[in-house]
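Listed below, chain by chain, are the residues.
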Amino acid sequence: MADLTRAQLLDLYYTMRLTRSLEERFERLFKQGKVVGGLYRSLGQEAESVGSAYALRDGDWLAPAIRNLGSLLVRGVTPKEMLLQYMARRDAPTRGKDNTTHFGDFDRWLIGPVSPLGTTLCVMTGIALALKMRGQKNVVLTYIGDGGSRTGAAHEGINLAAVQRLPFICILEHNGWAFATRSEEEMAADHMVKMAEGYGVRGEQVDGNDVIAVYEATKRAVEHARNGGGTALIEVETYRRLGHAQHDPQTYVPREELEYWEARDPITRYVAHLKENEHASDAEIQKIDHRIEAELDQAVEEAEQSPVPDPEDCLVGVYADTVQEKPWARTL
Ligand SMILES: Cc1ncc(C[n+]2csc(CCOP(=O)(O)OP(=O)(O)O)c2C)c(N)n1
Ligand SMILES: [Mg+2]
């Protein structure tokens, strides 16, 4: 199987489980009024976020969308950093100034999501163009949903990447819904991968609830792009098992549909796979689960100790520092 060591196979499990458990903590904190801003769960989609990001290496740029917390964990963002950010604390990546998912880190090749859907694809196309012009052997990876992929911005981003043969990989998240609108009501094609032919790029469709399949498909696309082969679109077939965000009780979704996808849960499936192939025993899985809970207990405790932001911090990092140096700049 693939090129993954046993330690990496267990790491994939650890990261998917951590994604789910961290989001469960967020939900609890949200209900306690401690999360500031939107909380978008990725229940049922952990495999596609984790498996795709796992195919990257240092120097490759990643831009997650709202349901790709798992990809950030793969790329080294810690649960504590995310807890601080979601609770808008002083020590958070944006020092409490921006909404939950809205943070990036150029030092770690991470770009924060842009709210108008599709726009992130244009930003990432720009980065991919810079990589190509500099002759760097790196790629960019980003995500777009069935809904978001219908925007003009998404089209422009993908088209430019395609025409310029940029090292741009986009995961097309076909998860059944965009808010309360079914995929079929916003998209006439039955599969998103069909977009690839229209743009003249490499396309692949994969079971989004199979972490190894997602990893392998992304790895193929990454290697192709790294070797100058250009853009790739990968459709991951998956399902959004909770409402759009915390305010959405999902009353528009038939019970049987949720049950169908619950039976195809990516983490349960992966545990069965690990056990069947004797990569891990029940005891080892349990040990990882306990480790995650202990790590999260500590991360939550530490994050809650961080105070709310200092008022004088509110403009730091908002405007370019040079503006402050201009004689006409307003003194605060
Ligand atoms: C251009 C634009 N239109 C509408 C919105 C509001 N909005 C945010 S997320 C969302 C649904 C996105 O659905 P999809 O792309 O399928 O992603 P999913 O929620 O399924 O992960 C909408 C309509 C937005 N952010 N930008
Ligand atoms: Mg969707």
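A brief report on the enclosed structure follows.

With that settled, consider the packing of aromatic side chains. Following the criterion strictly, the structure yields six aromatic pairs and no others. Here the aromatic rings of Phe26 and Tyr86 are separated by 3.9 Å at their centres, their planes lie at 10 degrees, and the arrangement is stacked. Taken as a pair, Phe26 in helix H1 (residues 6-31) and Tyr86 in helix H4 (residues 79-86) lie far apart in primary sequence, 60 residues in all. With a relative accessible area of 0%, Phe26 lands in the buried category. A relative accessible area of 5% places Tyr86 in the buried class. A ring pair is formed by Tyr54 and Tyr215, whose centres lie 6.1 Å apart and whose planes are at 75 degrees; its orientation type is edge-to-face. With Tyr54 in the loop between helix H2 (46-53) and strand E1 (61-63) and Tyr215 in helix H9 (residues 211-226), this pair connects stretches of sequence that are 161 residues apart.

The next thing to look at is a nonpolar patch on the surface. A surface patch of nonpolar side chains, amounting to about 270 Å² of accessible area, comprises Leu315, Val318 and Tyr319. Owing to a relative accessible area of 45%, Val318 belongs among the partly exposed residues under this scheme.

Now for the pattern of salt bridges. This structure, assessed with the given rule, holds 29 salt bridges. The shortest N-O distance in the salt bridge between Arg202 and Glu204 comes to 3.6 Å. In this structure Arg202 comes out as partly exposed when scored by relative accessible area, which is 28%. Look at Glu204 and you get buried, because its relative accessible area is 18%. Asp207 is the salt-bridge partner of Arg269, the closest N and O atoms lying 2.9 Å from each other. Pair noted here: Arg269 is in helix H11 (residues 266-276) and Asp207 is in strand E6 (residues 202-207), with a separation of 62 residues, a long-range link.

What follows deals with the site of ligand 1. As a matter of local geometry, ligand 1 sits amid 13 residues, with Arg67, Asp146, Gly148, Asn175 and Trp177 nearest to it. Within the contact set of ligand 1, an oxygen atom lies 2.4 Å away from a side-chain nitrogen or oxygen of Asp146. Within the backbone of Gly147, an N or O atom sits 2.9 Å from an oxygen atom of ligand 1. Surface burial for ligand 1 is 69%, taken as the share of its 590 Å² of free accessible area covered by protein chains. Of the residues assigned to the shell around ligand 1, the class counts are five nonpolar, six polar and two charged.

The subject of this paragraph is the coordination of the magnesium ion (ligand 2). Those protein atoms acting as donors to the magnesium ion (ligand 2) are Asp146 (OD), Asn175 (OD1) and Trp177 (O), and they sit at 2.1 to 2.5 Å. Taken in chain order, the donor set of the magnesium ion (ligand 2) reads D-x28-N-x1-W. You can see Asp146 sitting in the loop between strand E2 (140-145) and helix H6 (152-163) and its partner Asn175 sitting in the loop between strand E3 (168-174) and strand E4 (177-178), a full 29 residues away along the chain. Note on Asp146: relative accessible area 1%, which makes it buried.

Now for the pairing of strand E7 (residues 232-237). Counting buried positions over the six residues of E7 gives five, a clear majority of the element. Inspection of the sheet shows E6 paired to E7 by six bridges, in the parallel sense. Looking at E7, one finds that Glu204 is bridged to Ile234. Handedness of the crossover joining E6 and E7 through H9: right-handed.

This part covers unusual backbone geometry. At Ala88, a position not held by glycine, the phi torsion is positive, near 55 degrees. On the accessibility criterion, Ala88 (11% relative accessible area) is buried. Backbone geometry places Phe179, a non-glycine residue, at a positive phi of 50 degrees. In this structure, Phe179 sits in the loop between E4 and strand E5 (181-182). Using a relative accessible area of 47% as the deciding quantity, one classes Phe179 as partly exposed.

By way of backbone hydrogen bonds, the strands of a sheet pair with one another, either parallel or antiparallel. Overall, parallel pairing links the five strands, which are arranged E1-E2-E3-E7-E6 in an open sheet. On the outer flanks of this sheet lie E1 and E6, each paired with one strand and no other. The sheet shows a mean angle of 20 degrees between the axes of neighbouring strands, direction not considered. Two elements, E1 and E2, share three bridges in a ladder whose sense is parallel. In the sheet register, Ala63 faces E2, and the bridge partner there is Thr142. Here helix H5 (residues 119-134) sits on the sheet in contact with E1, E2 and E3, set at roughly 165 degrees to E2.

The rules behind these values
- Residue positions within a chain follow its written sequence, with the count starting from 1.
- Chains carry letters and ligands carry numbers; both start at the beginning, A for chains and 1 for ligands, and go up in the order they are written.
- A pLDDT threshold of at least 70 governs which residues receive local features in this predicted model, and a stricter bar of 80 or more applies before side-chain atom pairs are shown or counted, although totals over entire chains, interfaces and linings include all residues.
- To get the side-chain values, take all heavy atoms of the structure and skip hydrogens and water.
- Stacked, edge-to-face and tilted labels apply to pairs of Phe, Tyr and Trp rings (six-membered ring for Trp) whose centres lie within 6.5 Å, assigned for plane angles under 30 degrees, over 60, and everything in between, in that order.
- A run of DSSP states H or I qualifies as a helix once it reaches four residues; a run of E qualifies as a strand once it reaches two. Both are numbered from the N-terminal end.
- Burial status follows relative accessibility: with a 1.4 Å probe on protein chains alone, a residue under 20% of its type maximum counts as buried, one over 50% as exposed, and anything between as partly exposed.
- Patch rule: a residue counts if its relative accessible area is over 30% and it has no salt bridge; like charges are joined within 9 Å, and nonpolar side chains (Val, Leu, Ile, Met, Phe, Trp, Tyr) within 5 Å.
- To measure how exposed things are, a 1.4 Å probe is used in the Shrake-Rupley method; for residues, cover is taken only from the protein chains shown.
- Salt bridges are defined as contacts in which a side-chain nitrogen from Lys or Arg sits within 4 Å of a carboxyl oxygen from Asp or Glu.
- Being near a molecule or strand, for a residue, comes down to having at least one heavy atom within 4 Å of it.
- Pairs of N or O atoms are called polar contacts if they sit within 3.5 Å, as long as, within protein, a hydrogen donor faces a hydrogen acceptor (for residues adjacent in sequence, only side-chain-to-side-chain pairs).
- Three residue categories are used. Nonpolar comprises Ala, Val, Leu, Ile, Met, Phe, Trp, Tyr, Cys and Pro, charged comprises Asp, Glu, Lys and Arg, and polar comprises the others, including Gly.
- Sites may look incomplete, because water is not among the atoms used; the donor set itself consists of N, O and S atoms within 2.8 Å of the metal (3.2 Å for Na, K and Ca).
- Each pair of strands is called paired provided DSSP finds at least two bridges between the two strands.
- We call a crossover right-handed when, viewed with the strands running away from us, the connection from the first strand over the helix to the second turns clockwise.
- Structural elements are reduced to axes, namely lines fitted to C-alpha atoms, with helices fitted over the stretch in contact, and the angle between N-to-C directions of any two is expressed from 0 to 180 degrees.
- Any two residues having at least one pair of non-hydrogen atoms within 4.5 Å are treated as being in contact.

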